[in-house]
Amino acid sequence: AQSVTQLDSQVPVFEEAPVELRCNYSSSVSVYLFWYVQYPNQGLQLLLKYLSGSTLVKGINGFEAEFNKSQTSFHLRKPSVHISDTAEYFCAVHNNDMRFGAGTRLTVKP
Amino acid sequence: NAGVTQTPKFQVLKTGQSMTLQCAQDMNHNSMYWYRQDPGMGLRLIYYSASEGTTDKGEVPNGYNVSRLNKREFSLRLESAAPSQTSVYFCASRGQGTYEQYFGPGTRLTVT
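Cut-offs and rules
- Residues numbered from 1 in each chain as written.
- Chains lettered and ligands numbered in written order.
- Predicted model: local features only at pLDDT ≥ 70, side-chain atom pairs only at ≥ 80, totals over all residues.
- Heavy atoms only, no water.
- Helix = DSSP H or I, 4+ residues; strand = E, 2+ residues; numbered from the N terminus.
- Rg over C-alpha atoms; globule rule 2.2 N^0.38 Å.
- Buried < 20%, exposed > 50% of the residue type's maximum accessible area, 1.4 Å probe, protein only.
- Contact = heavy atoms within 4.5 Å.
- Areas by Shrake-Rupley, 256 points an atom, 1.4 Å probe, with all protein chains shown as cover.
- Buried area = accessible area lost by both parts, 1.4 Å probe.
- Salt bridge = Lys/Arg side-chain N within 4 Å of Asp/Glu carboxyl O.
- Phe/Tyr/Trp six-rings, centres within 6.5 Å; stacked < 30°, edge-to-face > 60°.
- Core = buried A, V, L, I, M, F, W, Y, C linked by side-chain atoms within 4.5 Å.
- Disulfide = S-S within 2.5 Å.

Chemist: Honestly, the overall build of chain A in this entry has me stumped. Any pointers?
Modeler: A count of helical and extended segments in chain A gives zero helices and twelve strands. Counting helices and strands in the order they occur from the N terminus, chain A gives β-β-β-β-β-β-β-β-β-β-β-β. For chain A, the C-alpha radius of gyration of 13 Å lies close to 13 Å, the compact-globule estimate for 110 residues. Principal-axis analysis of the C-alpha atoms places the extent of chain A at approximately 40 × 30 × 20 Å. Residues classed as buried in chain A amount to 45% of the 110 residues present. Of the contacts formed within chain A by residues at least 6 apart in sequence, a portion of 55% connects residues at least 24 apart. Surface exposure of chain A reaches about 5400 Å², of which carbon and sulfur atoms provide 48%.

Now the structure itself:
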């Protein structure tokens, strides 16, 4: 079964700085990859997904992620964050079922 | 479209009490899921239903039962609540031929 590791549990950054949230997965077969965002006291919303094709995928709110098959990674990036990006971010991998990482709490400071 | 709805939003139970968490979706999705979210552990799958009339265990099914009442509704029952079941519970659904899941707003359950 696949597993998902989010390498940072918390990432504090200043407003307008770039950010990268790291995700690695383990799977011996092809997978589909997702990033979800969870704002306080809400459910998860899909940010972006990789199913096939271009390894650089763009999502909502200016986020993008790059699929790297050789490094089994799917890191999430944003060139300039806003206060409103403060949330928890989950990486997820779908093979036969969906597995979620433990989450990364992004805190954007003024 | 309301998407995925869950009731109640909050619940406090005493050890040994029972309750049912309700979930409904209006997207005509075949698959529905129940997860629990605990700090530092992400989301863990409790049960899922690939289609109306079928249910299967996920990663952490002990202490829970489910019912897929119809295509829209998927309920989660705690027969005898335990403090270890204190968590936030999320219902999700997925359409046929797609892989992304759509989540409800969650139920925050505390068992004392």
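After that view, the rundown keeps rolling.
Chemist: Can you help me understand the interface of chain B and chain A in this one?
Modeler: The accessible area lost on association of the parts is a frequent measure of interface size. Listed per partner, the contact involves 16 residues of chain B and 18 residues of chain A. Of the roughly 1400 Å² buried at the junction of chain B and chain A (both faces included), carbon and sulfur atoms supply 59%. Of all residues in chain B, the largest losses of buried area upon contact with chain A belong to B:Tyr99, B:Glu100 and B:Phe103, amounting jointly to 40% of the total for that side. Counting across the chain B and chain A interface gives one salt bridge. The shortest N-O distance in the salt bridge between B:Glu100 and A:Lys49 comes to 2.7 Å.

Chemist: Looking at this structure, I do not really get the packing of aromatic side chains. What am I missing?
Modeler: Given two aromatic rings, one states the distance between the centres and the angle between the planes to describe the pair. All told, the structure shown has 13 aromatic pairs over all chains when counted by the stated rule. For the ring pair A:Tyr36 and B:Phe103, a centre distance of 5.5 Å and an interplane angle of 80 degrees mean the geometry is edge-to-face. Of the two residues, A:Tyr36 sits in strand S5 (residues 32–38) while B:Phe103 sits in strand S10 (residues 102–103), which places them in two different chains. By relative accessible area, A:Tyr36 is classed as buried at 0%.

Chemist: Even after reading the chapter, I still don't get the nonpolar core, so can you show me in this structure?
Modeler: Note that soluble globular proteins tend to have their nonpolar side chains buried in a common cluster. Core analysis: the biggest nonpolar cluster contains 28 residues, and A:Leu33, A:Trp35, A:Leu47, A:Leu48, A:Phe74, A:Leu76 and A:Tyr89 have the highest contact counts within it. The leading source of residues in this core is strand S10 (residues 87–94) of chain A, at four residues. The contacts of A:Phe74, once residues within four sequence positions are left out, are A:Cys23, A:Leu33, A:Phe34, A:Trp35, A:Leu48, A:Tyr50, A:Val57, A:Ala65, A:Glu66 and A:Phe67. B:Val4, B:Trp34, B:Tyr64 and B:Ala81 belong to the second largest nonpolar core, which has 20 residues in total.

Chemist: I tried to follow the state of the cysteines on my own but got confused; where do I start?
Modeler: Any covalent bond linking the sulfur atoms of two cysteines counts as a disulfide. Going through the model one piece at a time under the given rule, you end up with two disulfides over all chains. The disulfide partner of A:Cys23 is A:Cys91, and the S-S distance across this bridge is 2.0 Å. Here the S-S torsion is close to -70 degrees, and the disulfide linking A:Cys23 with A:Cys91 is therefore left-handed. Of this pair, A:Cys23 sits in strand S4 (residues 23–26) while A:Cys91 sits in strand S10, and the two are 68 residues apart along the sequence. With respect to class, A:Cys23 is no different from A:Cys91; both count as buried. One disulfide in the model links B:Cys23 with B:Cys91; its S-S distance is 1.8 Å. Residues B:Cys23 and B:Cys91 share a disulfide whose torsion about the S-S bond is about -70 degrees; that sign makes it left-handed. On the criterion of sequence distance, the pair formed by B:Cys23 in strand S3 (residues 19–25) and B:Cys91 in strand S9 (residues 87–94) is long-range, its members being 68 residues apart.

None of the figures reported here should be taken as evidence of function without further support.
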